[in-house]
Amino acid sequence: MIDPTLENLDQLFPADFSEEQKAQAKTQFLKNLAAEAHRFYGGKMQTIPKCGLYGLNWLNVWYTPGVSKISTMIRDDNDTSFALSNRGNLVAVVSDSTRVLGDGDCTASGGLGVMEGKAMIMKYLGGVDAVALCVDSKGPDGKNNPDKLIEFVKMVQHSFGAINLEDISQPNCFKVLDELREACNIPVWHDDAQGTACVTLAGLINSLKLAGKKLSDAKIVLFGAGASNTTIARLILTDGGNPAKMIIFDSKGSLHTEREDIKNDMRNYRKWELCEKTNPEKILSMEEAIKNADVLIALSTPGPDTVKRTWIRSMADKAIVFVCANPVPEIWPYAAREEGAFIVATGRGDFPNQVNNSVCFPGILKGALLVRARKITDGMAIRCAHSIADFSEKRGINPDDIIAKMDETEVFAVEAADVAEQAIKEGVARINLSWDEVYNRAKADIAGIRALVDDMKKAGYIKEPPAEILEAALKAAINSVNK
């Protein structure tokens with residue numbers, strides 16, 4: 001019988017499986033189980049009321065005629081919509097599904113699995129309500145049109161307290177985020193960019209502490225130059241990284257001032273900014289760049305052989321390796337360690353050191369919502385990174401545990417309070433709350449949803465997945481590796 005908590009996944013597989021076979025089997029098991037569990041539950045989210053019905057006339061309070069008063073109050077002061085409706089705690093998770101994980105364009109509705117997942121994590125970890133909105137952004141020519149997505153968000157923003165952009169292919173992702181951040185009067189945040197950058201910076205801060213190195217001295221190589229890594233680079237440099245010691249690679253080579261292909265395509269303006277700032281020596285090959293590098297941050301093509309063992313072997317002493325492609329890291333963690341890596345992080349929770357934006361976005365969005373922020377700035381994202389790093393250091397860190405995990409409830413309330421404080425400091429908050437007020441409110445909301453889920457499980461409204469689902473998923477995973 002498989003433990004339904006799914007603890008100790010490695011013990012599920014045959015003892016004679018190699019480390020690589022176990023890694024492959026875990027991936028297949030989780031994918032197989034995801035398919036069966038999603039089918040069993042019919043997805044991950046539902047809508048339930050937050051108010052009571054104490055008699056028939058309460059329907060006349062919550063709906064007509066009483067609700068007319070709410071409509072006119074909001075009409076006369078739109079900001080009251082945050083207090084008189086769920087808007088103040090509601091996020092739209094918006095995607096055109098053109099780059100879903102490592103699976104590419106999955107068609108508009110193909111992104112629903114991830115978007116519902118974001119909504120579930122926001123609610124369970126941050127006490128934030130969210131709804132998945134997958135949008136067809138293709139024009140008559142069949143090409144993805146970022147302007148359609150921008151216009152859609154502008155139109156729906158009045159129903160939400162914040163917008164979480166997700167899984168938008170580059171270079172469209174840069175234009176969509178930057179235009180909407182300025183055009184909308186609520187936070188528009190690209191989780192794949194700012195969220196991944198925030199949690200990566202948090203993990204990097206603590207990894208460098210463990211390695212006895214400084215951010216300003218570290219030689220950093222970034223493999224991949226999509227939305228995630230370009231934003232990671234920007235936040236690292238803003239927080240004190242040395243641009244002369246940073247080298248970034250995209251699919252055509254390293255970024256530098258002679259990359260005319262990037263310079264001549266204005267859609268790639270974010271990449272061109274990094275061409276101008278980094279790699280002044282114009283190092284061209286990955287083999288040369290990675291020599292004596294202190295840090296490798298890979299967010300590129302899913303592996304496990306995208307990052308080569310020889311690259312890790314040539315890095316500096318106490319090398320830090322972040323391989324965060326999903327669903328499979330660019331190199332298996334065991335392989336990177338065999339080649340001398342001091343710290344290895346991935347985007348997955350079934351390996352040590354999960355550097356995944358799920359540790360970030362519930363808290364940062366909760367903080368922004370509670371003070372009704374108009375935007376999420378880079379300063380707020382950097383503050384959140386330090387919040388995660390500081391929280392983790394206080395409870396203790398080591399090379400296999402560099403930052404807080406998703407089950408550490410308090411980290412999200414601390415993030416929310418720190419981010420809210422930063423929003424007030426930068427003048428983008430509509431209301432002022434103290435650090436303690438935000439912390440206590442966030443902590444209570446998180447505790448409330450967890451208690452509700454527990455009560456629904458006990459009452460049978462959320463049923464435990466049948467044992468045969470788990471057994472079938474495991475059997476199929478083992479068979480796929482044995483073939």
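The paragraphs below set out a description of the structure included in this document. Because the structure is a prediction, the values reported are computed rather than measured. (Residues numbered from 1 in each chain as written. Predicted model: local features only at pLDDT ≥ 70, side-chain atom pairs only at ≥ 80, totals over all residues. Heavy atoms only, no water.)

1. Brief notes about the nonpolar core
Consideration 1: I220, I236, I297 and F322 are the most contacted members of the largest nonpolar core, which has 85 residues in total.
Consideration 2: Beyond its immediate stretch of four places on either side in the chain, I220 contacts L204, L215, I236, K245, M246, I247, V295 and I297. (Core = buried A, V, L, I, M, F, W, Y, C linked by side-chain atoms within 4.5 Å. Buried < 20%, exposed > 50% of the residue type's maximum accessible area, 1.4 Å probe, protein only. Contact = heavy atoms within 4.5 Å.)

2. Things to note about helix α6 (residues 146-156)
Consideration 1: Buried residues of α6: P146, L149, I150, V153 and V156, and no others. The arc enclosing the buried residues of α6, seen along the axis, measures out at 140 degrees, which places them on a common side.
Consideration 2: Buried-residue contacts for α6 involve β1 (90-95), β3 (162-165) and α7 (172-183).
Consideration 3: The backbone nitrogen of D147 has a side-chain oxygen 2.9 Å away, supplied by the residue at the start of α6, namely N145. (Helix = DSSP H or I, 4+ residues; strand = E, 2+ residues; numbered from the N terminus. Arc of directions from axis to C-beta. Polar contact = N/O pair within 3.5 Å; in protein donor to acceptor, adjacent residues only side chain to side chain.)

3. Description of a nonpolar patch on the surface
Consideration 1: Together, L53, Y54, L56, W58, L59, V61 and W62 make up a nonpolar patch on the protein surface, roughly 780 Å² of accessible area in all.
Consideration 2: Within the secondary structure layout, L56 lies in the loop between α1 (19-41) and α2 (58-62).
Consideration 3: Given the relative accessible area of 69%, L56 is considered exposed. (Patch = residues over 30% accessible without salt bridge, like charges linked within 9 Å, V, L, I, M, F, W, Y side chains within 5 Å. Areas by Shrake-Rupley, 256 points an atom, 1.4 Å probe, with all protein chains shown as cover. Salt bridge = Lys/Arg side-chain N within 4 Å of Asp/Glu carboxyl O.)

4. So, the packing of α6 against α7
Consideration 1: One way to put it is that α6 packs onto α7 with a least axis distance of 9 Å and a crossing angle of 30 degrees. With respect to α7, the element α6 is oriented roughly parallel. Crossing angle aside, the handedness with which α6 passes α7 is right-handed. Across the interface between the two elements, P146, D147, L149, I150, V153 and K154 from α6 touch N172, K175, V176, E179, L180 and A183 from α7.
Consideration 2: Here the residues of the contact of α6 with α7 sort into seven nonpolar, one polar and four charged. (Axes fitted to C-alpha atoms, helices over the stretch in contact; angles between N-to-C directions. Parallel < 35°, antiparallel > 145°, perpendicular 65-115°, else oblique. Left-handed = near helix turned anticlockwise from the far one by under 90°. Nonpolar A, V, L, I, M, F, W, Y, C, P; charged D, E, K, R; others polar.)

5. Quick notes on the environment of R450
Consideration 1: Its place among the elements puts R450 in helix α18 (residues 435-459).
Consideration 2: For R450, a relative accessible area of 16% gives the class buried.
Consideration 3: Residues R450 and K123 lie 327 residues apart in sequence; the distance between their C-alpha atoms is 9.1 Å.
Consideration 4: For R450, the side chain forms a polar contact with the main-chain oxygen of Y124, separated by 3.3 Å.

6. Focus on the packing of aromatic side chains
Consideration 1: One pass over the structure, following the stated rule, counts six aromatic pairs.
Consideration 2: Plain terms: the ring middles of W435 and Y439 are 5.2 Å apart, the flat faces sit at 10 degrees to each other, and that makes the pair stacked. On the criterion of helical spacing, the pair formed by W435 and Y439 is a turn pair, its members being four residues apart in helix α18.
Consideration 3: One aromatic cluster is present, built from ring pairs that chain together Y54, W58 and W62. (Phe/Tyr/Trp six-rings, centres within 6.5 Å; stacked < 30°, edge-to-face > 60°.)

7. Considerations on the sheet that holds strand β9 (residues 320-323)
Consideration 1: Pairing is mixed across the open sheet formed by six strands, whose spatial order is β7-β6-β5-β8-β9-β10. The strands lining the two open edges of the sheet, one partner per strand, are β7 (253-254) and β10 (343-345).
Consideration 2: Relative to strand β6 (residues 246-250), strand β5 (residues 220-223) is paired through four bridges, and the arrangement is parallel. Of the residues in β6, the one forming a bridge with F223 is F249.
Consideration 3: Against the sheet, helix α9 (residues 227-238) engages β5, β6 and β8 (295-298), with an angle of about 160 degrees to β5. (Pairing = 2+ DSSP bridges.)

8. Brief notes about the pairing of β8
Consideration 1: Residue alternation in β8 divides its side chains into two sets, V295 and I297 and L296 and A298, and both sets are buried.
Consideration 2: Bridging between β5 and β8 involves four bridges; their strand directions are parallel. Of the residues in β8, the one forming a bridge with F223 is A298.
Consideration 3: One ladder, built from four bridges, connects β8 with β9; its direction is parallel. Each bridged residue has a counterpart across the sheet, and for I297 the counterpart in β9 is F322.

9. A word on unusual backbone geometry
Consideration 1: For the peptide bond that leads from T64 to P65, omega is 10 degrees, which places it in the cis range.
Consideration 2: The omega angle of the peptide bond from N326 to P327 is 5 degrees, so this bond is cis rather than trans.
Consideration 3: For P327, the location among the structural elements is in the loop between β9 and α14 (333-338).
Consideration 4: Notably, L6 is not glycine yet its phi reads approximately 60 degrees, a positive angle.
Consideration 5: Relative to the helices and strands, L6 is located in the segment before α1.
Consideration 6: Assessed through its relative accessible area of 27%, L6 is described here as partly exposed.
Consideration 7: Phi is positive for N292, which is not a glycine, with a value near 60 degrees.
Consideration 8: Mapped onto the fold, N292 is located in the loop between α12 (286-289) and β8.
Consideration 9: Among the residues examined, N292 registers a relative accessible area of 55% and is labelled exposed.

10. Description of the packing of α1 against helix α19 (residues 467-482)
Consideration 1: Running from N to C, α1 and α19 cross one another at 145 degrees; their axes reach a closest spacing of 8 Å. The element α1 and its partner α19 pack so that their crossing is right-handed. Residues Q21, Q24, A25, Q28, F29, N32, L33, E36, A37 and F40 of α1 lie in contact with α19, whose contacting residues are I469, L470, A473, L474, A476, A477, S480 and V481.
Consideration 2: Of the residues in the contact of α1 with α19, the class split is twelve nonpolar, five polar and one charged.

Any link to function would need more than the numbers given here.
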